[in-house]
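# Understanding the architecture of this molecule
Below, each chain spelled out in residue letters.
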Amino acid sequence: MISLVYEQDGAVVGHVMLSRMEMGEQRPLQLSPLSVAPAHQGRGIGSALAREALRLADEAGEPIVLVLGHSAYYPRFGFEPAAPLGLEAPRDFGPSWMVARLRAYDPSVRGKVTFPDAFG
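Predicted model, so just to flag it, every value in this text is computed and none were measured.

All right, on to the overall build of the protein then. When you go through the protein residue by residue, the secondary structure sums to one helix and eight strands. For 120 residues, the compact-globule estimate of 2.2 N^0.38 gives 14 Å, and the protein sits close to it at 14 Å. Projected onto its principal axes, the C-alpha positions of the protein cover 45 × 30 × 30 Å. For the protein, the proportion of contacts with a sequence separation of at least 24, taken over those separated by at least 6, is 57%. Here the protein has roughly 6600 Å² of accessible surface; of this, 50% comes from carbon and sulfur atoms. Positive and negative side-chain charges in the protein, numbering 11 and 13 respectively, have mean positions lying 5 Å apart.

Okay, here's the thing in structure tokens:
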């Protein structure tokens, strides 16, 4: 798990977390949640948090990061539709189910993802 916060003037105004999912014997990361306080949105804080989380996952040798998110927002960070790569969501989320392939990506990383109970 990777968890980052963005502070401004001593207050937390943004947060991102990469959580472990289940996919057979594999445990891929999922970017969730990504949040920025409403008064601080539109300033690049969410983008900075997402990019840093992906950089840390890549540096740690992770092959992929999944996201269930807005299909017009996340591609700017390298996310693309996950289903064509054999990465199945727990149910059909359409184009909102995406993956970022990192340097350690291997096409054999595939399967059906199960969310932990905490995501229920």
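Turning next to the sheet that holds strand E7 (residues 97-101). Judged by pairing direction, the sheet is mixed, and its six strands sit side by side in the order E1-E2-E3-E4-E7-E5 without closing on themselves. The open sheet terminates on both sides in strands that have one partner only, identified here as strand E1 (2-8) and strand E5 (79-81). Within the sheet, the average angular offset between the axes of one strand and its neighbour, ignoring direction, is 30°.

Here is what the cut-offs are and how they apply
Residues numbered from 1 in each chain as written. Predicted model: local features only at pLDDT ≥ 70, side-chain atom pairs only at ≥ 80, totals over all residues. Heavy atoms only, no water. Helix = DSSP H or I, 4+ residues; strand = E, 2+ residues; numbered from the N terminus. Rg over C-alpha atoms; globule rule 2.2 N^0.38 Å. Contact = heavy atoms within 4.5 Å. Areas by Shrake-Rupley, 256 points an atom, 1.4 Å probe, with all protein chains shown as cover. Lys, Arg positive; Asp, Glu negative; His and termini not counted. Charge placed at Lys NZ, Arg CZ, Asp CG, Glu CD. Pairing = 2+ DSSP bridges. Axes fitted to C-alpha atoms, helices over the stretch in contact; angles between N-to-C directions.

Such coordinate-based values are descriptive only and should not be taken to indicate function.
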